[in-house]
Amino acid sequence: GDSVTQMEGPVTLSEEAFLTINCTYTATGYPSLFWYVQYPGEGLQLLLKATKADDKGSNKGFEATYRKETTSFHLEKGSVQVSDSAVYFCALSRRGRRALTFGSGTRLQVQP
Amino acid sequence: NAGVTQTPKFRVLKTGQSMTLLCAQDMNHEYMYWYRQDPGMGLRLIHYSVGEGTTAKGEVPDGYNVSRLKKQNFLLGLESAAPSQTSVYFCASSATSGGQETQYFGPGTRLLVL
């Protein structure tokens, strides 16, 4: 079945550091890939998405590229801020399936 | 624009008690979902609905029931709560389905079953 694997957290960085959160997936066909972010006490918000191989999703300085050859969708940001502290979820969706398949989430803590 | 709202925000139940979680969306979305989130795991789908009056089972439906009597509301019921149902419950909605749609999430309901 479908699955998403994320690096375990927490990831602790200093402000302005470079961020990478790894995500790999297993799925048949050609899934769409998503990054959701959950700020403390809030629900999940879509951060970015990519719907086909080699697409790059970007938003708020975050980027992720859909790599079919390595079945990966790693999240990157060049310079993190304290306000980026949150839990980040990688997820996939396939045509014909109603639900998103989520990874376990990675907590990011950014220190001033 | 409220988006997706959930009530209550937090609830404590004793084993065997029942309760209903309410989800409401004001985006006129056809599709609505209930997920649960447990430590160290991603969100898992409990039930979903593809339109008013229709519901279907998701990945972990046992012990839960749902109803979609109005397009904007999706109710999740626990008839006889068990400690294994201690979790954070998220409702979501989407305009379409089929793989590329964005799901919009509510803020969650934290449930503790003693």
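Please refer to the structure placed before this passage.
Residues numbered from 1 in each chain as written. Chains lettered and ligands numbered in written order. Predicted model: local features only at pLDDT ≥ 70, side-chain atom pairs only at ≥ 80, totals over all residues. Heavy atoms only, no water.

A.B. asks: Would you mind going over the overall build of chain B with me for this structure?
C.D. replies: When helices and strands are tallied, chain B shows zero helices and eleven strands. Secondary structure of chain B in N-to-C order comes out as β-β-β-β-β-β-β-β-β-β-β. Scaling as 2.2 N^0.38, a compact globule of 114 residues should have a C-alpha radius of gyration of about 13 Å, and chain B matches this with 13 Å. With the C-alpha coordinates of chain B rotated into their principal frame, the extents come out at 35 × 30 × 25 Å. Within chain B, buried positions represent 48% of all 114 residues. Nonlocal contacts in chain B, meaning residues at least 24 apart in sequence, comprise 56% of its contacts between residues at least 6 apart. Put simply, chain B shows about 5300 Å² of open surface, and 52% of that area lies on carbon and sulfur atoms. Within chain B, one finds 10 positive and 8 negative side-chain charges whose respective centroids are separated by 9 Å. (Helix = DSSP H or I, 4+ residues; strand = E, 2+ residues; numbered from the N terminus. Rg over C-alpha atoms; globule rule 2.2 N^0.38 Å. Buried < 20%, exposed > 50% of the residue type's maximum accessible area, 1.4 Å probe, protein only. Contact = heavy atoms within 4.5 Å. Areas by Shrake-Rupley, 256 points an atom, 1.4 Å probe, with all protein chains shown as cover. Lys, Arg positive; Asp, Glu negative; His and termini not counted. Charge placed at Lys NZ, Arg CZ, Asp CG, Glu CD.)

A.B. asks: Would you mind going over the side chain of Arg36(B) with me for this structure?
C.D. replies: Residue and element names in this part refer to chain B. With respect to the element layout, Arg36 can be found in strand S4 (residues 31–37). Separated by 2.8 Å, the side chain of Arg36 and the backbone oxygen of Ser84 make a polar contact. Not counting residues up to four positions away in its chain, the partners in contact with Arg36 are Gly42, Leu43, Arg44, Ile46, Val60, Tyr64, Ser84, Gln85, Thr86, Ser87, Val88 and Tyr89. (Polar contact = N/O pair within 3.5 Å; in protein donor to acceptor, adjacent residues only side chain to side chain.)

A.B. asks: Before we go on, may I ask you to explain the environment of Ala81(B) in this structure?
C.D. replies: All names here are of chain B. Residue placement: Ala81 occurs in the loop between strand S8 (73–78) and strand S9 (87–94). Ala81 sits in the buried class, given a relative accessible area of 2%. As a C-alpha pair, Ala81 and Gly16 span 65 residues in sequence and 4.9 Å in three-dimensional space.

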